[in-house]
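# A closer look at the structure
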Amino acid sequence: MTTLRELPSVGQLLRTQTAAELIARYGRPLTLTAIRFTLDETRARFKLDPQPALPSIDMILAQADSTLSAWTKPTLVPVINATGVILHTNLGRAPLSEATIHAMDIVSRGYSNLEYDLEKGVRGSRLLHAESVLQKLTGAESALVVNNNASAVLLVLSALANKKRVIISRSQLVEIGGGFRVPDVMKQSGAKLVEVGTTNKVRLSDYQSAAEDPTALIMHVHPSNFKVIGFTEEPELNELVDVAHKADLILVDDLGSGALLDTAKYGIAHEPTVQESLAAGADIVCFSGDKLLGGPQAGIIVGKKTLLDKIKRHPLARAVRADKVCLAGITATLLHYLKDDAEREIPIWKMMSLTPKQVKGRAEAWKDQLGQGNVVEGESTVGGGSLPGESSKTYLLSLEVKSPDKFLKKLRQQHPPIIARTEADKILLDPRTVLPEQEGALLVGLKNAL
Ligand SMILES: *Cc1c(COP(=O)(O)O)cnc(C)c1O
């Protein structure tokens, strides 16, 4: 009868050539852990279900090898976005331009003048790098880049409205996704939210009467990811600015996606731009770096110098500061706008500017190479909490498969995984969001899955 005592020892396994190779690849401590783990599993399995033979040394090491491979495989990997949602928050929002990637690459490889003044040879400020580009681009007096827009809102309110009243319309108490709500973020700052108006209607007089009590600021939040239609009313930003300034209050505009270009050019609704918000008189404007700006994750705060100085000095500014890689990337992305080549160089604007005819050509090429499917009309969306309900005409490759859910799963198992969608039992793939350099891998993956 076989007993567990016949199982090879850890020492025996370690003396093999295979173990030496595993140690070279994965290091000794992890290999040892994996071998012990495999032996424990083998014992547990044997106790539950005794077999006539125990696994051989080779079998145990092969098992340890696959365990090590699974333990060390990166969990965060590139995917192919064939959903047609340009700023897909679950898929990492904006893909970056070549210049942005290059800028991030070179500063992360070595030392940089992050906080060093090369002219004077003394300590400098990390804030300068993006600030001068933001000033030129938006005309704002001052600017600050932080970790993301949620932290920008938190920082602005902490610095300017702690323990003070902040007036905000009920129509703007939004949830930005993942269960995070703007009012909750705002409350963390210690600000006292004074809600005015109703879900669908807020009037200038609502703000005016609330502003009669001592208040720090009026907060305006762009309804990024939803639309209120029908019986609605909302004052213009410049009117709100008037009310704020007459009562000696600051007006803060949380733009969310923060476009620097006019989205209306691409046949979708106009998303308020940073320049417009500043022109309307907002004292502080904050927005994300990885939504319609098309850069890396960041939060950008622009506005009046006196206010920005206060914000920059707040302790939280240190807690939410942007790192050198982000600063390099954001600055490189912003430079595209300054040099007026954003539409040519920033992937999300390239995707938005693709004409239906161009997308159709790509879908047809995919169809020809696969030898199956149909090219059908459809809609691409911007996503990422921008431009809700807006879509651009697109063409999709539609595939008929036996089990759509199983097929989607198979697509997710490809290298890189392919994310598609289904509609009426058809698999739909939108060329708009597939990066040109991923097309080869997409077709290999599709052929595999088919
Ligand atoms: C997306 C969004 C945020 C959060 O921005 P992150 O960069 O994701 O932190 C805040 N406010 C509004 C209005 C938004 O649309």
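Structural data are supplied above this passage.
Let me begin by describing the structure that accompanies this report. The numbers attached to residues start from 1 for each chain and follow its sequence in the written order. For a predicted model such as this one, the threshold for reporting local features is a pLDDT of at least 70, and the threshold for listing and counting side-chain atom pairs is 80 or more; totals across whole chains, interfaces and linings nevertheless cover every residue. To obtain the side-chain values, all non-hydrogen atoms of the structure were used and water was disregarded.

### Re the site of the ligand
Whether a residue is near a molecule or strand depends on its heavy atoms: if one lies within 4 Å, it is near. Residues in contact with the ligand, as listed here, are R93, N148, N149, A150, I176, V221, H222, S224, D254, G256, S288 and K291. A distance of 3.0 Å is found between an oxygen atom of the ligand and a backbone nitrogen or oxygen belonging to N149. Pairing of N or O atoms within 3.5 Å defines a polar contact, subject to two protein rules: one partner must be a possible hydrogen donor and the other a possible acceptor, and residues neighboring in sequence count only if both atoms are side-chain atoms. Contact distances for the ligand include 2.8 Å between an oxygen atom and a side-chain N or O atom of K291. Contact with the protein chains removes 93% of the 380 Å² of surface that the ligand exposes when unbound. For the area figures, the Shrake-Rupley method with a 1.4 Å probe applies, and any residue is considered shielded solely by the protein chains shown.

### Here we look at the pattern of salt bridges
The salt bridge criterion pairs a side-chain nitrogen of Lys or Arg with a carboxyl oxygen of Asp or Glu, the two atoms within 4 Å. Throughout the structure, instances matching the rule amount to 19 salt bridges. When the shortest N-O distance is used, the salt bridge between D290 and R93 registers 3.0 Å. You can see D290 sitting in the loop between β11 (284–288) and β12 (299–303) and its partner R93 sitting in the loop between β1 (80–81) and α5 (98–109), a full 197 residues away along the chain. Remark: exposure states derive from per-residue accessible area (1.4 Å probe, protein chains only) relative to the maximum for the residue type, with buried under 20%, exposed over 50%, and partly exposed in between. Relative accessible area serves as the criterion here: at 22%, R93 is assigned to the partly exposed category. Residue E423 is joined to R421 by a salt bridge in which the shortest nitrogen-to-oxygen separation is 3.6 Å. In this structure, a network of salt bridges that share partners links the residues E115, R123, R126 and R321. Every helix listed is a DSSP run of H or I at least four residues long, and every strand listed is a run of E at least two residues long, numbered separately from the N terminus.

### Examining the state of the cysteines
Pairs of cysteine sulfur atoms within 2.5 Å are what we label disulfides. Taken as a whole and judged by the stated rule, the model has zero disulfides. Cysteine C286 is unpaired, with the sulfur of C326 as its nearest cysteine sulfur at 15 Å. Since its relative accessible area comes to 7%, C326 is described here as buried.

### Regarding the sheet that holds strand β13 (residues 374–383)
We treat two strands as partners when DSSP finds at least two bridges between them. A sheet is described by the order of its strands in space; here four strands give the open sequence β13-β14-β17-β16, paired in antiparallel fashion. A single partner strand is all that each edge strand has here, and the edge strands are β13 and β16 (421–423). When the angles between neighbouring strand axes are averaged without regard to direction, this sheet yields 45°. Residue contacts are counted whenever heavy atoms from the two residues lie within 4.5 Å of one another. Every angle, taken between N-to-C directions, lies between 0 and 180 degrees, and every axis is a line fitted to C-alpha atoms, over only the stretch in contact when it is a helix. Across the face of the sheet, helix α17 (residues 356–370) comes into contact with β13, β14 (386–400) and β17 (426–429) while running at roughly 25° to β14. Docked against the sheet, helix α18 (residues 404–412) engages β14, β16 and β17, running at close to 35° with respect to β17.

### Remarks on the side chain of S158
With respect to the secondary-structure elements, S158 resides in helix α7 (residues 149–161). On the accessibility criterion, S158 (8% relative accessible area) is buried. In this structure the side chain of S158 is engaged in a polar contact, spanning 2.6 Å, whose partner is the backbone oxygen of L154. Non-local contacts of S158, meaning those with residues more than four positions away in its chain, are made with S189, H314 and L316.

### Some details on the packing of α7 against helix α12 (residues 305–313)
In the contact formed by α7 and α12, the axes pass within 9 Å of each other and the chain directions differ by 105°. The angle between α7 and α12 falls in the class roughly perpendicular. In this structure, α7 uses L155, V156, A159 and L160 to contact α12, whose residues at the interface are L307, K310 and I311. Classes in brief: Ala, Val, Leu, Ile, Met, Phe, Trp, Tyr, Cys and Pro nonpolar; Asp, Glu, Lys and Arg charged; the others, Gly included, polar. Along the lines of polarity and charge, the residues of the contact of α7 with α12 split into six nonpolar, no polar and one charged. For this classification, under 35 degrees means roughly parallel, over 145 means roughly antiparallel, 65 to 115 means roughly perpendicular, and everything else is oblique.

### Describing the sheet that holds strand β4 (residues 142–146)
One open sheet accounts for seven strands, arranged β4-β12-β11-β10-β9-β5-β8; its pairing is mixed. With one partner strand each, in any of the chains shown, β4 and β8 (192–196) form the two edges of the open sheet. Sheet twist, expressed as the average angle between the axes of neighbouring strands with direction ignored, equals 20°. Both β4 and β12 contribute to a ladder of five bridges, which runs antiparallel. Residue A143 lies in a different strand from β12, and its bridge partner there is V302. Contacts from helix α6 (residues 128–138) reach β4, β11 and β12 within the one sheet, and its direction differs from that of β4 by about 125°.

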